[in-house]
Amino acid sequence: IRQESQVSRSSFGDLTKHFSNSTLSLGGASIDGKPDSGSTEQIRRLPTLHFQQFQTPLFGRALFALNASYSRLNSTRIANNTPVQRLDFFPNLTLPLSWAPWIRLTVSAGMRETFYDHQTVKSALTTRELVDLRANLAGPTLRRTYTNARTGQTFIHTIESRLAYRYVPKVSQHDIPSFEALNEKRHFLDPLETMPLIDRIQAANYAKLFLVNRIFVRTHEDNVAPRIWEAARLTLSQGFDMRKATDWDGQTPGPLDVELELNTWRRWRLVSVLRLDAATGDLEKSSARMALSLYPGWDIHLEHNYRQHPDVQYLSGGINGAVLKQFRLGYDFRYDGLSKTLREHHLTFSVLSQCWSVDMAFRFRNTEDASLFSDTSFVIQVRLFHL
């Protein structure tokens, strides 16, 4: 569904070489907008070169890592369709410290140096330098074991605490050509998350507290090999933006994130994520997915997604399974909770063999201004394995 709703066509390729402690990749991409969808953009990213040196011991405990990349972009949106080149270096050092078995501190510091060259009539070289400091403090883990909770099983409950921090100074970036950007109105950019984007790195003075509850189950039945798995996990985390408190009169506490994962039975699994506004307590977004295995080879899944600003509410689900040995059937649907409309039905039929398969799909989609069967499609896809 996501691919079919795109308004552009993309072609890309990458060649990657793996070394003992690093990787080197060469690639390129071409993106062309679909005029009948209202998009006429053209982007040529050729070539792109990326080198990554993984953490390597240096000076005893210190670990050294390096990310370096080069990219040449030709786009109608940047510098009147003139080529723009970007060269980026990000060396960083990580120092893990352990004062006691119950507390661990990891400090990381790096300097990002980025060069932009967007030639029009004469050379126009733009540079940007910024420091990226991170710290991660892992506290003690509390553990308790319940041996008589259920016959043949032992439950282990652990509580972990962690405090993460990141500092990036405020650096002017208004004159930098934008290769990549995210719409901040649609994406909450957590300063602690390592974004793959190089341009428009926002200033940060941000700390986040994590509290993780885990329940493990260990079986010890007679004549059965022991097994242990994570049956439940509850993660509570909240950030604090000190930059808002010092730069302007803003809201220092960030949103409260709640993540729940249940896997107490082999045949079903539940994953849920909630985000609550710290000031008002309003639910900003939530997503939940449940998967259930009714019978060997047959699965049911149900998913609910909701968020505010922009408002989105969808319910989707389906069932798929094996019929005989070489045939599979599937059905999926998508329901729009805002308009109270069943947006889509999707039927699939697959024929499987040892080295090939044939997939047939029927789709009936209900758009905003059309009836249910006004947008239908039938697709046949042939797959060859091990090529």
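The structure we're discussing is the one just above.
Residues numbered from 1 in each chain as written. Predicted model: local features only at pLDDT ≥ 70, side-chain atom pairs only at ≥ 80, totals over all residues. Heavy atoms only, no water.

**What to know about the pattern of salt bridges**
Piece 1. A full pass over the atoms with the stated rule returns 17 salt bridges.
Piece 2. With a closest N to O distance of 2.7 Å, Asp88 and Arg112 form a salt bridge. Residue Asp88 is located in strand β5 (residues 84-100), and its partner Arg112 is located in strand β6 (residues 103-118); the two are separated by 24 residues in the primary sequence.
Piece 3. Asp88 gets classed as buried once you look at its relative accessible area, which sits at 2%.
Piece 4. One salt bridge connects Arg214 with Glu230, and the closest N-O pair in it is separated by 2.6 Å. (Salt bridge = Lys/Arg side-chain N within 4 Å of Asp/Glu carboxyl O. Helix = DSSP H or I, 4+ residues; strand = E, 2+ residues; numbered from the N terminus. Buried < 20%, exposed > 50% of the residue type's maximum accessible area, 1.4 Å probe, protein only.)

**Overview of the pairing of strand β10 (residues 227-241)**
Piece 1. Strand direction decides the pairing type here: strand β9 (residues 204-219) and β10, joined by 14 bridges, are antiparallel. Paired with Val212 across the two strands is Thr235, which belongs to β10. (Pairing = 2+ DSSP bridges.)

**Some points on the packing of aromatic side chains**
Piece 1. Under the defined criterion, the tally for this structure stands at two aromatic pairs.
Piece 2. Look at Phe327 and Phe349: their rings are 5.9 Å apart centre to centre, the planes differ by 15 degrees, and that puts the pair in the stacked class. Of this pair, Phe327 sits in strand β16 (residues 327-336) while Phe349 sits in strand β17 (residues 341-352), and the two are 22 residues apart along the sequence.
Piece 3. The ring of Phe90 has Arg112 lying over it, and the distance from NZ or CZ to the ring centre is 4.3 Å. (Phe/Tyr/Trp six-rings, centres within 6.5 Å; stacked < 30°, edge-to-face > 60°. Lys NZ or Arg CZ within 6 Å of the ring centre and 35° of its normal.)

**Here we look at a nonpolar patch on the surface**
Piece 1. Nonpolar side chains collect at one region of the surface, where Leu347, Trp356, Phe362, Phe378, Ile380, Val382 and Leu384 lie side by side and expose about 670 Å² of accessible area between them.
Piece 2. Of all the elements in the fold, those that place two or more residues in the nonpolar patch are β18 (356-365) and β19 (375-384).
Piece 3. Sorting elements by how many residues they give to the nonpolar patch places β19 first, with four residues.
Piece 4. Mapped onto the elements, Phe378 comes out in strand β19. (Patch = residues over 30% accessible without salt bridge, like charges linked within 9 Å, V, L, I, M, F, W, Y side chains within 5 Å. Areas by Shrake-Rupley, 256 points an atom, 1.4 Å probe, with all protein chains shown as cover.)

**Comments concerning the environment of Ser353**
Piece 1. Checked against the element boundaries, Ser353 lands in the loop between β17 and β18.
Piece 2. You can call Ser353 partly exposed: its relative accessible area is 29%.
Piece 3. The spacing of Ser353 and Lys325 is 28 residues in sequence and 9.5 Å in space, taken between C-alpha atoms.

**Details of the environment of Thr82**
Piece 1. You can see Thr82 is positioned in the loop between β4 (63-75) and β5.
Piece 2. As for Thr82 and His118, which are separated by 36 residues in sequence, their C-alpha atoms are 7.1 Å apart.

**Notes on the pairing of β5**
Piece 1. Relative to β6, β5 runs antiparallel, the two sharing 13 bridges. In the sheet register, Leu93 faces β6, and the bridge partner there is Ala109.
Piece 2. Linkage of β5 to β6, two consecutive antiparallel strands, is achieved through a turn of two residues.

**Some details on the side chain of Asn205**
Piece 1. Residue position: Asn205 is located in strand β9.
Piece 2. In contact with Asn205, other than residues within four places in its own chain, are Tyr165, Arg166, Tyr167, Phe240, Asp241, Met242 and Arg243. (Contact = heavy atoms within 4.5 Å.)

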